[in-house]
Amino acid sequence: MAVVDHRTATFPVAGNRLDAAREASRTDHTVFWLGLLSVLYNGILAFINHNIVPLSMTHVAASEGLIMASAIIYILHKGIYETDLPAFLFLLFTLIVTIYVSVLNRMLFIDHFRNVLIIFCFTGLGGWSNEKTMKLAFRWASLAVMIFLIFEIISVPFYVSIVHPSDYFANTRGLLPLSYNTTGLFQNALGFPERFSFGIIDHRSSSIFLEQVSLANFCGVIAVYLISMWERLGRWDRLLMISTAVLILVTNDTRTMLIFCFACIVGYFVFPKIPKNFNLALMPLIVAAGFLVYVMKPNATGDNFTGRINLTMKKIMELDPLAILGLSVDRVAEFADSGYVYLIYAATIFGVIALWLFVCLFPAGRTAAQRRCAHSLSLFIFLNMMIGGTAVFSMKIAGLLWFVVGYMRFHDSPRIRQGRPADVLS
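The sections below set out a description of the structure shown in this document.

What counts, and at which threshold
Residues numbered from 1 in each chain as written. Predicted model: local features only at pLDDT ≥ 70, side-chain atom pairs only at ≥ 80, totals over all residues. Heavy atoms only, no water. Helix = DSSP H or I, 4+ residues; strand = E, 2+ residues; numbered from the N terminus. Buried < 20%, exposed > 50% of the residue type's maximum accessible area, 1.4 Å probe, protein only. Patch = residues over 30% accessible without salt bridge, like charges linked within 9 Å, V, L, I, M, F, W, Y side chains within 5 Å. Areas by Shrake-Rupley, 256 points an atom, 1.4 Å probe, with all protein chains shown as cover. Salt bridge = Lys/Arg side-chain N within 4 Å of Asp/Glu carboxyl O. Axes fitted to C-alpha atoms, helices over the stretch in contact; angles between N-to-C directions. Parallel < 35°, antiparallel > 145°, perpendicular 65-115°, else oblique. Contact = heavy atoms within 4.5 Å. Nonpolar A, V, L, I, M, F, W, Y, C, P; charged D, E, K, R; others polar. Polar contact = N/O pair within 3.5 Å; in protein donor to acceptor, adjacent residues only side chain to side chain. Expected span 1.5 Å × (residues − 1). Core = buried A, V, L, I, M, F, W, Y, C linked by side-chain atoms within 4.5 Å. Phe/Tyr/Trp six-rings, centres within 6.5 Å; stacked < 30°, edge-to-face > 60°. Lys NZ or Arg CZ within 6 Å of the ring centre and 35° of its normal.

Secondary structure summary: the protein chain contains 16 helices and zero strands in total. Burial statistics for the protein chain: of 426 residues in total, 53% are counted as buried.

Here it is in structure tokens:
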């Protein structure tokens with residue numbers, strides 16, 4: 001008689017459906033809070049820093065570490081499945097590269113490993129999240145961003161009295177305010193007269209993120225979420241997300257996210273018709289387009305679209321040959337505004353290739369919604385790396401971005417685990 005090992009047994013189909021229905025109706029509070037805190041933790045720390053007790057970089061690092069450690073414990077508790085292997089292998093490869101770079105440069109350099117660890121943690125959380133939990137996390141995150149953005153628009157002194165970005169960055173990053181900055185805002189949010197602007201406020205908005213670049217990129221995260229989940233969102237969720245994105249666009253003066261959002265509107269109809277593996281060509285095409293811009297306008301400079309592209313292309317063409325192999329990591333801070341160059345210096349050319357493959361191949365592409373998610377993710381990451389630096393890798397942005405990517409990967413698809421074969425007794 002055969003005895004089935006119950007660790008690999010399956011429930012009847014009816015039981016599976018009942019369990020799935022119960023699971024879908026339950027909010028996973030651990031996943032919800034970790035997703036929400038990835039967006040809010042800097043704002044919470046800034047409130048503590050200004051109103052309770054001064055903080056330092058140690059507190060910021062400890063907060064990030066606690067969020068990621070909690071996520072890892074949660075993921076390991078759930079178990080390792082075959083479909084989780086790409087994220088695990090990507091993390092393992094990055095660890096090997098990190099050790100290699102640290103040994104060659106005789107200094108501990110874990111920036112890129114931290115970035116990939118964030119991706120690993122939040123794709124894992126998203127993969128285990130049900131629809132209700134993910135919607136709740138995005139709903140509350142967007143609501144918090146909108147509320148603080150409204151505070152900032154209506155009264156900068158009131159906004160500063162809550163979070164005081166200038167003091168926060170001075171205490172936790174060592175970025176002391178310049179003499180002309182008496183607003184209490186982060187100095188880079190002040191902008192300058194010739195910058196693109198809708199003219200609604202006299203600076204670039206920051207909201208709960210405290211600085212303008214993360215708020216701009218959060219608009220891109222909302223766009224990825226909307227294009228992926230549009231058909232499954234209710235009227236009020238759609239209204240909240242669109243209102244938050246529009247308010248960011250008209251107050252943050254972000255040209256890149258304005259272009260990206262319009263691309264997502266068109267992409268909603270176009271992306272489902274494009275095979276997912278087309279993403280493999282997207283990064284080379286964006287870099288080639290950047291080179292074409294540089295050839296046509298080699299003297300373009302400044303904080304505008306062509307100026308930022310030219311800056312990145314010049315730094316790519318001036319690459320230190322040793323940097324490609326990870327021998328110049330001490331110079332990585334020079335390239336915080338050029339994503340591709342930063343990544344080469346921080347992770348070697350092999351790390352760049354690994355990230356490119358993961359971004360393109362990890363998202364699922366079976367359904368129209370999954371292809372929308374996959375294409376919008378690649379466009380968001382690779383376009384940002386051409387005109388920006390490391391913002392898309394920070395937890396404030398990467399957290400919910402990879403959360404939705406992880407969810408969409410397992411949407412309507414069961415996990416498959418390598419179980420031990422059933423014991424058979426004759």
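With that settled, consider a nonpolar patch on the surface. Taken together, the side chains of L76, I80, L85, L89, L92, L95, I96, I99 and V103 make up a nonpolar region of the molecular surface, amounting to roughly 820 Å² of accessible area. In terms of residue count, helix α4 (residues 85–105) provides more of the nonpolar patch than any other element does, seven residues in total.

Remark: helix α2 (residues 29–51) packs on helix α3 (residues 57–78), axes separated minimally by 11 Å, with the N-to-C direction vectors making an angle of 175 degrees. With respect to α3, the element α2 is oriented roughly antiparallel. Contacts between α2 and α3 involve T30, V31, L34, L37, S38, Y41 and L45 from the first element and H59, V60, S63, E64, I67, S70, A71 and Y74 from the second. Of the residues contributing to the contact of α2 with α3, the split by class is nine nonpolar, five polar and one charged.

A few words now on unusual backbone geometry. Excluding glycine, residues mostly have negative phi values, and the peptide bonds linking residues are mostly trans. One non-glycine residue, R106, adopts positive backbone phi at about 55 degrees. With respect to the secondary-structure elements, R106 resides in the loop between α4 and α5 (111–128). Exposure remark for R106: the relative accessible area of 80% places this residue in the exposed category.

Our next topic: the side chain of Q212. Relative to the helices and strands, Q212 resides in helix α9 (residues 212–229). Q212 gets classed as buried once you look at its relative accessible area, which sits at 5%. Engagement of the side chain of Q212 in a polar contact is seen with the backbone nitrogen of A189, the distance being 3.4 Å. Once residues within four sequence positions are removed from consideration, Q212 is found in contact with F186, N188, A189, R204, S205, S206 and N252.

Further remarks concern the pattern of salt bridges. Summed over all chains, the structure comprises six salt bridges. Here R139 makes a salt bridge to D237, at a shortest N to O gap of 2.8 Å. Placement of the pair is R139 in helix α6 (residues 131–154) and D237 in helix α10 (residues 235–252), with a sequence separation of 98 residues. The class for D237 is buried, based on a relative accessible area of 7%. A salt bridge links R372 to E231, with the shortest nitrogen-to-oxygen separation between them at 3.7 Å. One end of the pair, R372, is in helix α15 (residues 368–387); the other, E231, is in the loop between α9 and α10, with 141 residues separating them in the sequence. Since its relative accessible area comes to 8%, R372 is described here as buried.

The first and last C-alpha atoms of α15 sit 29 Å apart over 20 residues, in line with the 28 Å expected at 1.5 Å per residue. For α15, the tally of buried residues reaches 19 of 20 residues, placing the bulk of the element in the interior.

On to the side chain of N384. Within the fold, N384 resides in helix α15. Since its relative accessible area comes to 7%, N384 is described here as buried. Not counting chain neighbours up to four residues away, the residues in contact with N384 comprise N217, M257, L379, G389 and V392.

A few words now on the environment of G174. Its place among the elements puts G174 in the loop between α8 (165–173) and α9. Considered as a pair, G174 and S56 are 118 residues apart in the sequence and their alpha carbons are 9.0 Å apart.

Turning to the nonpolar core, a few remarks are in order. Ranked by size, the top nonpolar core spans 125 residues in total, and within it F218, F382 and W402 carry the most contacts. Broken down by element, the residue count for this core peaks at 13 residues, all from helix α14 (residues 339–361). Ignoring any residue separated from it by four or fewer positions in sequence, one finds F382 in contact with N279, L282, M283, I286, Y340, W356, V359 and C360.

As a packed pair, α2 and α8 sit with axes 9 Å apart at the nearest point and diverge in direction by 95 degrees. Between α2 and α8, the crossing angle belongs to the class labelled roughly perpendicular. Facing N42, L45, A46, N49 and H50 of α2, the residues of α8 in contact are D167, Y168, N171 and R173. Here the residues of the contact of α2 with α8 are counted per class, giving three nonpolar, four polar and two charged.

The residue V341 is located in helix α14 in this model. Overall, the relative accessible area of 0% leaves V341 in the buried class. When the C-alpha positions of V341 and K315 are compared, they lie 6.7 Å apart, and in sequence the two are 26 residues distant. In this structure, V341 is in contact with T312, K315, I316, L319 and F335, ignoring residues within four places of it in sequence.

Our focus in this paragraph is the packing of aromatic side chains. A full pass over the atoms with the stated rule returns 14 aromatic pairs. A cation over an aromatic ring shows up here: K78 above the ring of W128, its NZ or CZ 5.2 Å from the ring centre. Taking NZ or CZ as reference, R238 lies 4.1 Å from the ring centre of W230, over its face.

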